[in-house]
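Take a look at the letters that make up each chain.
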Amino acid sequence: MCGIVGYVGKKNAVPLLIAGLKRLEYRGYDSAGIAVVVENKISVRKTVGRLTNLEARLAQQPLAGSVAVGHTRWATHGEPSEINAHPHCDCAGRIAVVHNGIIENYHELRAALEAKGHKFLSQTDTEVIPHLIEAALRDGAKNLPDAIRAALNQARGAYALGIVSADAPDTLFAVRQGSPLIIGIGEDGDRFIASDVPAVLNRVREAIYLDDGILAELRDGSVRLTNLAGAEVPAKVQPVTLSAEAADQAGFETYMLKEIHEQPRVLRRLLEVNPLFGGGANFGLKSDYFRKLQRVMIIGCGTAYHAGMYGRLLLEQFTGLAVETDLASEFRYRDPHIDPGTLIIPVSQSGETADTLASIRLAKSWGCKVLAICNVPGSSLTRESDAVLFTEAGPEIGVASTKAYTAQQMAFALLAIWIGSARGMIDATACRSLLADLAGVPDAIHYLLDRKDSIRAIAQKHHEGPSALYLGRKFNYPTALEGALKNKEISYQHAEGYAAGEMKHGPIALINEYLPVVCICTKTSDEVYEKMISNMREVEARRGRIIALATDGDSQIARFAHDIIYVPYVRDEFSPIVNVVALQLFAYYAAQARGTDIDKPRNLAKSVTVE
Ligand code: M6R
């Protein structure tokens, strides 16, 4: 969940690292630090808090050098403090390490190292790594790569590491095991490491997606890869197709607002390039496989799980398949009796979420096929799956997911229509009609974005209370959960998403004249709309403050609702893709009114690469 950047080349690494860390601050932001090789010594600067503090420190105590590693931290072991900030060093201060992930056996490793006389300064798990390397060198390792391999053979857990040493002043070392890390190839011999491509987007046009257990030695103009046995392995250099602008703020006050506004474009592009209906990309599983398929299991975390809940409803409706969903963090520890014929669909923006990855590894060990819905090419999830449907949303920097969610919804809609057609559940006419309706979704979101001022005005009226309730049914039950999650993530207002039919089974007790109740009551072709109206009447009878999401032209709702957010009409099945955008904006403006840090909400990190 932390951010790593490293550089080796001819330039001064320090400004390059700071620029890269700025682009990674969304991965973690409670402290930051850099280590630079200066005249065959390691110099370290660390500060607690945001990166600006590190910049201020560097202005007072400047550093320069052409081999360096940097880190922005999201604390797991040890409180956010200067001591616990990375990089961490060995006793002699000649090896500096930055780390993303968790060293699970660090307690026993630390005890053994302390018994040998190593002195530890921090409470972190990371600090064992430089000491293990130092110990391996003292024990006779013939060079630094061998010492690093010896250290890694003892460490258990997930890690991405950047390492510099005063004894190898021209080299930057990198290795990963279960945590993301890429090598960026720049101009003029520049070589970078980064935990995420956006960190170095403006500097590299080619990258090597490092595999687990591969040690990289980067020097000015070269990269050498070896496995943990020391044998050389070939490097697979791939083009970086993302543009640097994709990761910029483009004049918006926050990344989140920019990403909310990107949604019409992202969804139009996904419709164009998806491999299912004539797009160019390679999909991986053949339609024959889907004809014989019986059961699907969708897994994900947080927002991705909500997309999976929506995907289940679409797959059930269009394909006739039995579909279940589960939180990856639950799935991996229960006994779900999955047979090898079950298709597993993991959903993930980052493709690096620890629980999601653990779940698919488990499912693969049972013989299941895995079809990932993912946003990040080259991520662990995409590399470990049998097939991938990319969401094509581009880098998502705001910690609260927005465009990745609607792209996941759209991907599920395409997949469900395509599988339904392959299985003969949808005929050609129905398929054309569904695709035409889906193609109208980006325009509907565009019209909705034009009304953001009215959504802001409503959010400003209701942001003050301690809590809010979100109600929805069927396709819009996941929308209620996602709307509530957005609200609590960025505005810190407690918010509860509920299936409206469950209200009488408990949450109705919460309702009084102070509780904002967001009711998703857009027009449907079945009885769900009438049922939502009944639920709203129940809230009204208890004097709850109703904020309704209603379809353009619906005058009935005005009889019960205090405030109405009108949304353009789209057919029932696709209404959640539009409705959620209204709730993203509602949460956004509530957060703005409450004065929170919207792009970097407290305690959260963009990518949860540890359990
Ligand atoms: O990268 P992933 O999609 O696997 O991440 C899953 C969740 O951690 C993520 O959706 C999280 O809930 C976001 N903060 C939601 O805004």
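These figures come from a predicted structure and were not determined experimentally. (Residues numbered from 1 in each chain as written. Predicted model: local features only at pLDDT ≥ 70, side-chain atom pairs only at ≥ 80, totals over all residues. Heavy atoms only, no water.)

A. Looking closely at the environment of A141. Looking at where A141 falls in the secondary structure, it is placed in the loop between α4 (128–138) and α5 (144–154). By relative accessible area, A141 is classed as partly exposed at 24%. Dropping the residues within four chain positions of it, A141 is found in contact with A136, D146 and A147. (Helix = DSSP H or I, 4+ residues; strand = E, 2+ residues; numbered from the N terminus. Buried < 20%, exposed > 50% of the residue type's maximum accessible area, 1.4 Å probe, protein only. Contact = heavy atoms within 4.5 Å.)

B. Quick look at the pattern of salt bridges. Overall, the coordinates contain 41 salt bridges when judged by the stated rule. Across the pair R456 and D453 runs a salt bridge, and its minimum N-O distance is 3.1 Å. Of this pair, R456 and D453 both sit in helix α16 (residues 452–462), three residues apart, roughly one helical turn. The salt bridge partner of K486 is E482, with a shortest N-O separation of 2.6 Å. Taken as a pair, K486 and E482 lie in helix α17 (residues 477–491) at a separation of four residues, close to a single helical turn. Each of the two residues, K486 as well as E482, counts as buried. (Salt bridge = Lys/Arg side-chain N within 4 Å of Asp/Glu carboxyl O.)

C. Examining helix α15 (residues 441–449) more closely. Among the residues of α15, V441, P442, A444, I445, L448 and L449 are the ones counted as buried. Along the long axis of α15, the arc covered by the buried residues comes to 160 degrees, so they all point the same way. (Arc of directions from axis to C-beta.)

D. Here's a closer look at the sheet that holds strand β6 (residues 95–103). Reading across the sheet, the six strands line up as β5-β6-β7-β8-β12-β13 and stay open at both edges, with antiparallel pairing between neighbours. At either end of the open sheet lies a strand with only one pairing partner, and these are β5 (88–89) and β13 (222–227). The pairing of strand β8 (residues 172–177) with strand β12 (residues 214–219) spans four bridges and is antiparallel. Residue pairing for β12: A174 is matched across the bridge by A216. (Pairing = 2+ DSSP bridges.)

E. Representation of unusual backbone geometry. The omega angle of the peptide bond from H86 to P87 is 0 degrees, so this bond is cis rather than trans. Looking at the secondary structure, you find P87 in the loop between β4 (67–73) and β5. Phi angles above zero are rare outside glycine, and K474 is one such case at about 45 degrees. With respect to the secondary-structure elements, K474 resides in the loop between β20 (467–472) and α17.

F. Spatial organisation of the layout of surface pockets. Taken as a whole, the largest pocket holds about 890 Å³ of empty space. Elements represented by at least two residues in the lining of the largest pocket include exactly β14 (237–239) and α7 (263–273). Its residues assigned to classes, the lining of the largest pocket shows 18 nonpolar, 11 polar and 14 charged. Lining the lining of the largest pocket are residues from two domains, each supplying at least three of them: domain 1 (3–246) and domain 2 (249–439). When its volume is computed, the second largest pocket comes out at roughly 570 Å³. (1 Å grid on protein atoms, 1.4 Å probe; cavity = no way out; pocket = protein on both sides within 12 Å on 5 of 7 lines; lining within 4 Å. Points joined across faces, edges and corners; volume = space filled by probe spheres on them. Nonpolar A, V, L, I, M, F, W, Y, C, P; charged D, E, K, R; others polar. Domains from an automatic or database assignment.)

G. Highlighting the nonpolar core. Ranked by internal contacts, the top residues of the largest apolar core, which has 83 residues, are I345, V441 and F574. When residues of this core are sorted by domain, at least three fall in each of domain 2 (249–439) and domain 3 (451–599). If we skip the residues at most four places from it in the chain, V441 touches L267, M410, V570, F574, I577 and V578. In terms of nonpolar packing, the next biggest core, distinct from the first, is built from 31 residues, L17, L21, A32 and F192 among them. (Core = buried A, V, L, I, M, F, W, Y, C linked by side-chain atoms within 4.5 Å.)

H. Spatial organisation of the packing of helix α9 (residues 302–319) against helix α13 (residues 403–422). Interaxial distance between α9 and α13 falls to 9 Å at its minimum, and their mutual angle equals 20 degrees. The orientation of α9 relative to α13 falls into the category roughly parallel. Two packed elements cross with a definite hand, and for α9 against α13 that hand is right-handed. Within the contact between the two elements, α9 uses T303, A304, H306, A307, G308, Y310, G311, L314, L315, F318 and T319 and α13 uses Y405, Q408, Q409, F412, A413, A416, I417, I419 and G420. (Axes fitted to C-alpha atoms, helices over the stretch in contact; angles between N-to-C directions. Parallel < 35°, antiparallel > 145°, perpendicular 65-115°, else oblique. Left-handed = near helix turned anticlockwise from the far one by under 90°.)

I. Focus on the domain arrangement of the protein. For the protein, the assigned domains are domain 1 (3–246), domain 2 (249–439) and domain 3 (451–599). Domain 1 and domain 2 are separated by 33 Å when their C-alpha centres are compared. Domain 1 puts 11 residues into the contact, and the matching count from domain 2 is 11 residues. Across the interface of domain 1 and domain 2, roughly 1,000 Å² is buried in total on both sides, 52% from carbon and sulfur atoms. Counting every contact that joins domain 1 to domain 2 gives one salt bridge. (Buried area = accessible area lost by both parts, 1.4 Å probe.)

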